[in-house]
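Here is how the chains run, residue by residue.
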Amino acid sequence: MLTFTDTQVLGWITPILWPFIRVLALFSTLPVIAQTSVPTRVRIGLAFLVAFCAQATIPAIEPIELASAAGALAVAQQVVIGLSLGFAARLVITAVEFAGEIVGLQMGLNFASFFNPMTGGDETAVSRFYGVAVAWLFIVSGGHLMLIGAVVQSFTAFPVSSEPFSFLRTVQPQRWGAEIFSTGLWIALPIVAMLLFAHLVLGIISRVAQQMNIFAIGFPITLGVGLVGVLLTLPMLQVPFTMALERMLSHFQ
């Protein structure tokens, strides 16, 4: 008769359980994959596939009793690390959308806002356009593969333990919010400079030719200059996006 003990079962499931929980937490916040249009069973299946394929590179994990306080803390650690990794990727995409907010404000298109059911708030046309473009760029440039590689390497940098708060003290994700403003301003700066020059020209025209209705010609000019700037800078969006994503993922490697 085939018999086995609880210790043997724990030793069998430990190598796959903790990576599965961490990857599943990542997929619950990962851009594109975490959308409501992606079924939950798909995310669970992908998380199990990644955890199974990563067995060859993940270091050995000491068994932890699940029905104990150490096991509960270990689960909390995997969830915190996985959510933080997905949150880091979302911050980069939010920074690009913030750049769209700045560009739309300078162009005068921020009045064209609409309700986005994905975020539960209002978004402007330019910000939404940048968000869709960077979502496609995230998949095309292999951003999802970079995140999977980062979550696998995180088991070396942050092995499974019963101290979930040691990760927070080391990485300090509360400071990542500054990445939104710095990266967003960096991306939007060329278009903002073009629109500033257009506004200066319009200001000079309004002083030289005071009989001209500057409000009638100002909006089409700023709108056209802004659209030309978006057209010229959009092919160069990959460089700052990739650099910002690599900089955020370096915390987990």
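Throughout what follows, the structure given in this document is the object of discussion. (Residues numbered from 1 in each chain as written. Predicted model: local features only at pLDDT ≥ 70, side-chain atom pairs only at ≥ 80, totals over all residues. Heavy atoms only, no water.)

**Side note on the nonpolar core**
Okay, so step 1: L85, V103, Y130 and F241 are the most contacted members of the largest nonpolar core, which has 58 residues in total.
Okay, so step 2: Only α1 (6-27), α2 (40-53), α3 (69-107), α4 (125-140), α5 (143-157), α6 (164-171), α7 (178-208) and α9 (238-249) provide two or more residues apiece to this core.
Okay, so step 3: The dominant element in this core, judged by the number of residues it contributes, is α3, at 13 residues.
Okay, so step 4: Filtering out sequence-adjacent residues up to four positions away, V103 remains in contact with V126, Y130, A188, I191, L195 and V230. (Core = buried A, V, L, I, M, F, W, Y, C linked by side-chain atoms within 4.5 Å. Buried < 20%, exposed > 50% of the residue type's maximum accessible area, 1.4 Å probe, protein only. Helix = DSSP H or I, 4+ residues; strand = E, 2+ residues; numbered from the N terminus. Contact = heavy atoms within 4.5 Å.)

**A few points about the packing of α4 against α9**
Okay, so step 1: Close contact between α4 and α9 brings their axes to 11 Å; oriented N to C, the two are set at 65 degrees. In terms of axis orientation, α4 runs roughly perpendicular to α9. Considering only the axes of α4 and α9, their crossing is right-handed. Seen from α4, the contacting residues are V134, L137 and F138; seen from α9, they are Q238, F241 and L245.
Okay, so step 2: Within the contact of α4 with α9, the residues separate by chemical class into five nonpolar, one polar and no charged. (Axes fitted to C-alpha atoms, helices over the stretch in contact; angles between N-to-C directions. Parallel < 35°, antiparallel > 145°, perpendicular 65-115°, else oblique. Left-handed = near helix turned anticlockwise from the far one by under 90°. Nonpolar A, V, L, I, M, F, W, Y, C, P; charged D, E, K, R; others polar.)

**Some details on the pattern of salt bridges**
Okay, so step 1: Counted under the stated rule, the structure contains one salt bridge.
Okay, so step 2: Measuring nitrogen to oxygen at the nearest pair gives 2.4 Å for the salt bridge that ties R247 to E179. Of this pair, R247 sits in helix α9 while E179 sits in helix α7, placing them 68 residues apart in sequence.
Okay, so step 3: Relative accessible area serves as the criterion here: at 36%, R247 is assigned to the partly exposed category. (Salt bridge = Lys/Arg side-chain N within 4 Å of Asp/Glu carboxyl O.)

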